[in-house]
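Chains, contacts and geometry: an overview
The lines below spell out each chain.
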Number of protein chains: 2
Amino acid sequence: MKTLEVKLDSRSYPIYIGQGLLQNAELLSKHITGSSAVVVSNETVAPIYHDSIRHSLGKFRQSQVILKDGEQYKTPASLDSIYTHLLESRFDRGTTLLSLGGGVIGDITGYAAASYQRGIPFIQIPTTLLSQVDSSVGGKTGVNHPLGKNMIGAFYQPKCVIIDIDTLNTLPDRELSAGISEVIKYGIIRDPAFFGWLEDNMDKLLSRDAETLSYAILRSCENKADVVARDELEVTGQRALLNLGHTFGHAIETGLGYGKWLHGEAVSCGMVMAANLSHKLGWLTSNDVKRIRKLLTRAHLPVDPPREINERRFMELMSVDKKVLDGQLRLILLSGIGKALMTSDFDLQALRDVLAMRNAA
Amino acid sequence: MKTLEVKLDSRSYPIYIGQGLLQNAELLSKHITGSSAVVVSNETVAPIYHDSIRHSLGKFRQSQVILKDGEQYKTPASLDSIYTHLLESRFDRGTTLLSLGGGVIGDITGYAAASYQRGIPFIQIPTTLLSQVDSSVGGKTGVNHPLGKNMIGAFYQPKCVIIDIDTLNTLPDRELSAGISEVIKYGIIRDPAFFGWLEDNMDKLLSRDAETLSYAILRSCENKADVVARDELEVTGQRALLNLGHTFGHAIETGLGYGKWLHGEAVSCGMVMAANLSHKLGWLTSNDVKRIRKLLTRAHLPVDPPREINERRFMELMSVDKKVLDGQLRLILLSGIGKALMTSDFDLQALRDVLAMRNAA
């Protein structure tokens, strides 16, 4: 088992990466301070791990909330079903919530923990590659609003993150690829050596070689933890760089309806759009655009926007994104592989051209 | 104008107390960092101050959300109406929310600010005595859940608190008294000299003498700010002492249905119940119980529980209160005027006797 630390003063916490961790009762118990624990999971994940988790939490008063599976259930209604269960079953402020599932479950559970009785402890147990390398680390929690993704939420840190690589054995191929999208992102925005390593090891990663997966997750979490430690509340702009491809991606997810494309797929396409725009502005070489496009394609990820969303609709959808500050659209763009920057200083026509591009390769 | 500071490191903020502050454009503008401001208020308060606030915010892009008046509207639905307005009108993360109204408006607005796009700045402008001396200071925000009061929320500090004493001119007598209930509370839990001052000055306070009101508010805010600075997140137990009478009071509010009794009225009755229990346990003299009961009665506040809630129902309602930790009921009790303590070490039969008492004077 590997351990790394997210350094946030009094809110610091460890990330554990290894195999068989869900069966490790000692590890789970160590981070539960009260006498009760409630697992929040979804209909797909819960049945697979139900017995091992229940056994590992044997000494606690325990219960579970099972939500439906999918981004379309990342809603205030799901949140309320957690509050209602906790209140009806008299779970008090000393209760620890455990989120067992992908990013949707982690985000909802984290926000339920942040807001139930003004905050109770929680533990992240991400079971998809995407959530292991991204959303489970760093304390962003929340739910969607009908008018925009992640519009309701809080910065709220877990007590620990437990990444059991065994959970990836049952992950569908499409979701594995969606996770690899965010892994590649770290290479593109701040870690060119890691990008090179991914070019060399993509085939082993796709075949789920345990060593390769383990290293990819560790390196991703190290990158994420480092950024979060420097800019927990997304104030200085460093954390915002993690949103490469996300403004475009969110527009795709909202435009198609939540759940049609996976988050990682939308981000993959968004990163290529950001790369295309950076190239149009003369900041990024065509060779770098090609390397990005090629690596994502090898990971079976989409690199062109869906035909259903035209340029006008893209502009409309992007203007409610959180990256809009005081009415000005800011984007994460690239000046090289490993070099991202946030800027509102770009030619609007170049953006429109990129939004209108299809199959540019 | 008097200024005092709530000391919370990077989250420190000033409280301003004075007359004519709503017309003070410079004061309001000073604490708005972005270019837009949205006022959240209710149907009763908004029409009175609409023009002065709009004028004072003249240089900002501004808008307002008007909620219905009353504790029964402190709901997730009201919260959603704020989110929806902000999203529909494209108010971004740089927007400052201003809460203009009593505790209900302050709590909802504060929580909307805490959770909209994971947190935007907000300013408290409390217009009732109750909210001026209590809820606007200290960062407790939230809404009610059908199964319990204040069950959903966050600790989230405002950028400043602006207390314009002129707003008390239009406050109904019953609400003035409800505010005095919390003023008296500071005397009972930690400030015996202030309790004595209130015994001497209750008549002037009830007649709304500006000097007297101003001093009572200042002294209350000083007490509150001091407690919050020592225990922002209610961890060490000091902040919990501010909940004297609240466990009983919340049970009354929930049992009768939100809004039937004012919060301050329920707390008044709850404080007498806590005093009665403390006396039964031999910790508080009958003379101190009488002084507490008498001062609250002089302020036209209820001191006996409503007949609709019997002892059995009280126990039921109290067991979901946040003061229940790991299944054990904790109460704030008294060992003298100015000396409060939190304990779960009391005789349950004594509690049952107090819950069954009516017109004990």
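For the structure itself, consult the block above.
Now for a look at the structure at hand. Here the structure is a predicted model, which means the values were calculated and not measured. (Residues numbered from 1 in each chain as written. Chains lettered and ligands numbered in written order. Predicted model: local features only at pLDDT ≥ 70, side-chain atom pairs only at ≥ 80, totals over all residues. Heavy atoms only, no water.)

1. Considering the relation of the copies chain B and chain A
- With an RMSD of 0.0 Å, the fit of chain B onto chain A corresponds to turning through 180° and sliding 0.0 Å along the axis. Expressed as a symmetry operation, the mapping of one chain copy onto the other fits a two-fold axis. (Least-squares fit on C-alpha atoms with pLDDT ≥ 70 in both.)

2. Section: the interface of chain B and chain A
- Facing 37 residues of chain B, the contacting portion of chain A comprises 36 residues.
- There are two salt bridges connecting chain B and chain A.
- The tally of links from chain B across to chain A stands at 13 residue pairs in polar contact (both at pLDDT 80 or more).
- A total of six residues in the side of chain B that touches chain A trace back to one element, the largest contributor, which is strand E8 (residues 148-155) of chain B.
- Residue classes in the side of chain B that touches chain A are distributed as 14 nonpolar, twelve polar and eleven charged. (Contact = heavy atoms within 4.5 Å. Salt bridge = Lys/Arg side-chain N within 4 Å of Asp/Glu carboxyl O. Polar contact = N/O pair within 3.5 Å; in protein donor to acceptor, adjacent residues only side chain to side chain. Helix = DSSP H or I, 4+ residues; strand = E, 2+ residues; numbered from the N terminus. Nonpolar A, V, L, I, M, F, W, Y, C, P; charged D, E, K, R; others polar.)

3. Some points on the nonpolar core
- Membership of the largest hydrophobic core comes to 76 residues, with the highest contact counts inside it found for Ile15(A), Ile184(A), Ile217(A), Ile292(A), Met318(A), Leu331(A) and Leu351(A).
- The element that contributes the greatest number of residues to this core is helix H10 (residues 263-280) of chain A, accounting for nine residues.
- The residues contacting Ile15(A), other than those within four sequence positions of it, are Lys2(A), Thr3(A), Leu4(A), Val6(A), Val137(A), Val161(A), Ile163(A) and Cys221(A).
- Formed by 75 residues, the second largest nonpolar core is a distinct cluster that contains Phe195(B), Leu295(B), Val303(B) and Ile337(B). (Core = buried A, V, L, I, M, F, W, Y, C linked by side-chain atoms within 4.5 Å. Buried < 20%, exposed > 50% of the residue type's maximum accessible area, 1.4 Å probe, protein only.)

4. Observations concerning the pattern of salt bridges
Residue and element names in this part refer to chain A.
- In total, this model carries 38 salt bridges over all chains according to the counting rule given.
- Where Asp191 meets Arg219, a salt bridge forms, and the shortest distance between an N and an O atom there is 2.9 Å. With Asp191 in the loop between helix H6 (173-190) and helix H7 (192-206) and Arg219 in helix H8 (residues 210-230), the pair connects residues that are 28 residues apart, well separated along the chain.
- Owing to a relative accessible area of 21%, Arg219 belongs among the partly exposed residues under this scheme.
- Through salt bridges with shared partners, a single network forms among Glu71, Lys149 and Glu253.

5. A few points about the environment of Ala193(B)
- The topology assignment puts Ala193(B) in helix H7 (residues 192-206).
- Sequence-wise, Ala193(B) and Gly338(B) are 145 residues apart; in three dimensions their C-alpha atoms are separated by 8.4 Å.

6. Brief notes about the pairing of strand E6 (residues 122-126) of chain B
Residue and element names in this part refer to chain B.
- Of all five residues that make up E6, five are buried, and the element is covered over most of its length.
- The alternating pattern of E6 places Phe122, Gln124 and Pro126 on one face and Ile123 and Ile125 on the opposite face, and all of these are buried.
- Direction of pairing for strand E5 (residues 96-101) relative to E6: parallel, over a ladder of five bridges. Bridged to Ser99 within E6 is Gln124.
- For the crossover from E5 across helix H4 (residues 103-115) to E6, the handedness is right-handed. (Pairing = 2+ DSSP bridges. Right-handed = clockwise from strand over helix to strand, strands pointing away.)

7. What to know about the side chain of His145(A)
- By the secondary structure assignment, His145(A) is in strand E7 (residues 140-145).
- What makes His145(A) buried here is its relative accessible area of 3%.
- A polar atom in the side chain of His145(A) sits 3.1 Å from the side chain of Asp80(B).
- Beyond its immediate chain neighbours, meaning those up to four positions away, His145(A) contacts Met151(A), Ile152(A), Tyr258(A), Asp80(B), Tyr83(B), Thr84(B) and Leu87(B).

8. Side note on the state of the cysteines
Residues and elements named next belong to chain A.
- Per the counting criterion, the structure on display carries zero disulfides over all chains.
- No disulfide involves Cys221; its sulfur sits 13 Å from that of Cys160, the nearest cysteine.
- Relative accessible area serves as the criterion here: at 0%, Cys221 is assigned to the buried category. (Disulfide = S-S within 2.5 Å.)

9. A look at unusual backbone geometry
- Phi at Arg208(A) is positive, roughly 65°, even though this residue is not glycine.
- The phi dihedral of His300(B) falls on the positive side, at around 65°, and the residue is not glycine.
- Following the sequence through the fold, His300(B) ends up in the loop between helix H11 (286-298) and helix H12 (311-318).
- A relative accessible area of 60% means that His300(B) is categorised as exposed.

10. Brief notes about the pairing of strand E12 (residues 331-336) of chain A
All names here are of chain A.
- Of all six residues in E12, five are buried; the element is thus mostly enclosed.
- Across five bridges, E12 lies against strand E13 (residues 339-343) in antiparallel orientation. Looking at E13, one finds that Leu334 is bridged to Ala340.
- Counting the residues between successive antiparallel strands, the hairpin from E12 to E13 contains two residues, one of them, Gly338, with a positive phi of roughly 100°.

11. A closer look at H10(A)
- Between its first and last C-alpha atoms H10(A) spans 25 Å; for 18 residues at 1.5 Å apiece the expected length is 26 Å, and the two agree.
- With 16 of its 18 residues buried, H10(A) lies for the most part within the structure. (Expected span 1.5 Å × (residues − 1).)

12. Some details on the side chain of Thr343(B)
Residue and element names in this part refer to chain B.
- For Thr343, the location among the structural elements is in strand E13 (residues 339-343).
- Overall, Thr343 belongs to the buried group, its relative accessible area being 12%.
- Here Asp345 takes part through its backbone nitrogen, which lies 2.8 Å from a polar atom of the side chain of Thr343.
- Not counting residues up to four positions away in its chain, the partners in contact with Thr343 are Trp283, Leu329, Arg330, Leu331 and Leu333.

13. Points about the environment of Leu284(B)
All names here are of chain B.
- Among the secondary structure elements, Leu284 is positioned in the loop between helix H10 (263-280) and H11.
- Classification of Leu284 as buried rests on a relative accessible area of 4%.
- Along the backbone, Leu284 and Ile189 are 95 residues apart, and their C-alpha atoms lie at a distance of 13 Å.

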